Amino acid sequence: MTDLVIIGGGPAGMSAAVAAYENGVRDILILERDESLGGILQQCIHNGFGLHKFKEELTGPEYAWRYEQKIQELGITVKLNTMVLDVTKDKVITATNEEEGIFQIEAKAVVLAMGCRERAKGALNIAGTRPAGIYSAGTAQKYVNIKGYLPGKEVVILGSGDIGLIMARRMMLEGAKVKAVCELMPYSGGLARNIQQCLVDFDIPLLLSHTVVEIHGKERVTGVTIAKVDENRIPIEETKQYISCDTLLLSVGLIPENELSKGAGIALDSVTNGVIVTEDRETSVDGIFACGNVRMVHELVDHVSQEAEIAGKSAAAYIQGTVSRKEKKILEIEKKKPDTKTKKFTSCKDGKLEMTCIVCPKGCALSIKVSNDGTIESVTGNQCKRGAKYAEDEYTNPQRTITTTLRCEDGSMVAVKTETTIPKDKMFEAMQLINHTVVTLPVSVGDILIQDVFGTNIVATQNRQKL
């Protein structure tokens, strides 16, 4: 009998484990199907994580490493490369791995932290054949950031979710040409800061109220036909246009991963497929808790960690028998109202320079008033001092952080970033230098791998050992 079994070793699973340990539970087991902890964060090499939780901007692997270190320090048991096959209402977990074969674990409490998955092409009903070159944005992200393969050279992206926007930038930095991002809705599904730094920075057109109506090509994608849609999201025939490309990336939404939850008879939301939980994150099955993207798809990983802490603490209380017997309130899924306002990006209007701030996920719309001699008179629209500083820097000397990968001597990839920002117009030159460098293993987070690239260093954001 194990006190607490946590299914999933991503940010939710690790956060729940740490919280349970800090609340008195010592017999904890994390089951993770991948070869390392961190979940999807290991392929999310871009920055923007941790601003709420750690009060600093981290890449995905760096955020995961903060928790992985804590798991190691606390001595929490982890089984990697372990696939969970079934969970019962009695909290019996059936799992399998190469060393133990199929085995079962009885638990006093369970935390479900399996994350979410992408919607597939089959859900879109796009006309055409099934040629090579069609990928979900997450799959393309794994190919580029983990495997070191570029899926294509001429790309169209359907859907303006954050993963799609981030992959638009990533593909451009690696030498591909992103011809357009099409969005079915009249507003973007991604953060304003990502539209700015991933599309506007690279002159990639964002076509709102547009969709892909046909995919062309027999063996490989040769192009797509796109069209504008009306208020009922029906394509307008006379607006059809053909775009040649060899790759179509789909960024059309995420779905909570709850096949195991269904098998355990846990109640799910019929619209979102997310687990229905009480305010302490307990599911409809006694002693089984859920957190993170299995409940609802969160915009920020910081919020995933915060929710997982509640689940871990509640599971600890359940195991220790200190749970309050008061009637528990069902936690409703937060239904975020879409922002249908036109976002403001770098432009000049009425004598003012307008831009979107990228220093945090809020994406404030900034306005800079410039005098006749070219000096800044005022900055408005910012909600913090960093926004005003960003506006001034963006006007006088725009800077960006590069997050990318370096190839290691054994052929694997390691995530890296510029230690500080570099001039925005030097990003492609920096990428050429980075892509011609091969790294000697082992590598640890924070190691300087290339010195003096436009005044900064290239540092590792992941650990890599010799095979």
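In case you missed it, the structure is sitting above this.
One structure accompanies this document, and this report is about it. (Residues numbered from 1 in each chain as written. Predicted model: local features only at pLDDT ≥ 70, side-chain atom pairs only at ≥ 80, totals over all residues. Heavy atoms only, no water.)

The 4 strands lie next to each other as β10-β15-β16-β17, forming an open sheet whose pairing is mixed. If you trace the sheet from one side to the other, it starts and ends with β10 (127-128) and β17 (241-244), each paired once. (Pairing = 2+ DSSP bridges. Helix = DSSP H or I, 4+ residues; strand = E, 2+ residues; numbered from the N terminus.)

Below, the discussion takes up the pattern of salt bridges. Scanning the entire structure with this criterion turns up 20 salt bridges. The closest approach of N and O atoms between Glu57 and Arg193, which form a salt bridge, is 3.0 Å. You can see Glu57 sitting in the loop between β3 (47-49) and β4 (58-59) and its partner Arg193 sitting in helix α5 (residues 192-199), a full 136 residues away along the chain. Its relative accessible area of 29% is what places Glu57 among the partly exposed residues. Here Arg193 falls in the buried class, since its relative accessible area comes to 4%. (Salt bridge = Lys/Arg side-chain N within 4 Å of Asp/Glu carboxyl O. Buried < 20%, exposed > 50% of the residue type's maximum accessible area, 1.4 Å probe, protein only.)

With respect to burial, α5 is a largely interior element, 8 of its 8 residues being buried. Those residues of α5 that fall on the buried side of the exposure criterion are Ala192, Arg193, Asn194, Ile195, Gln196, Gln197, Cys198 and Leu199. Tucked inside the fold, the buried residues of α5 contact β3, α4 (162-173), β13 (177-183), β14 (206-208), β24 (352-356) and β27 (399-400). (Contact = heavy atoms within 4.5 Å.)

What follows covers the layout of surface pockets. Remark: the empty space left among the atoms is shown by a probe the size of a water molecule rolled over them. Approximately 560 Å³ is the volume attributed to the second largest pocket. For the lining of the second largest pocket, the elements supplying multiple residues, two or more each, are α5, α8 (385-396), β27 and β29 (413-418). By residue number, the principal contributor to the lining of the second largest pocket is α8, which donates 5 residues. Looking at side-chain class alone, the lining of the second largest pocket contains 5 nonpolar, 7 polar and 10 charged residues. (1 Å grid on protein atoms, 1.4 Å probe; cavity = no way out; pocket = protein on both sides within 12 Å on 5 of 7 lines; lining within 4 Å. Points joined across faces, edges and corners; volume = space filled by probe spheres on them. Nonpolar A, V, L, I, M, F, W, Y, C, P; charged D, E, K, R; others polar.)

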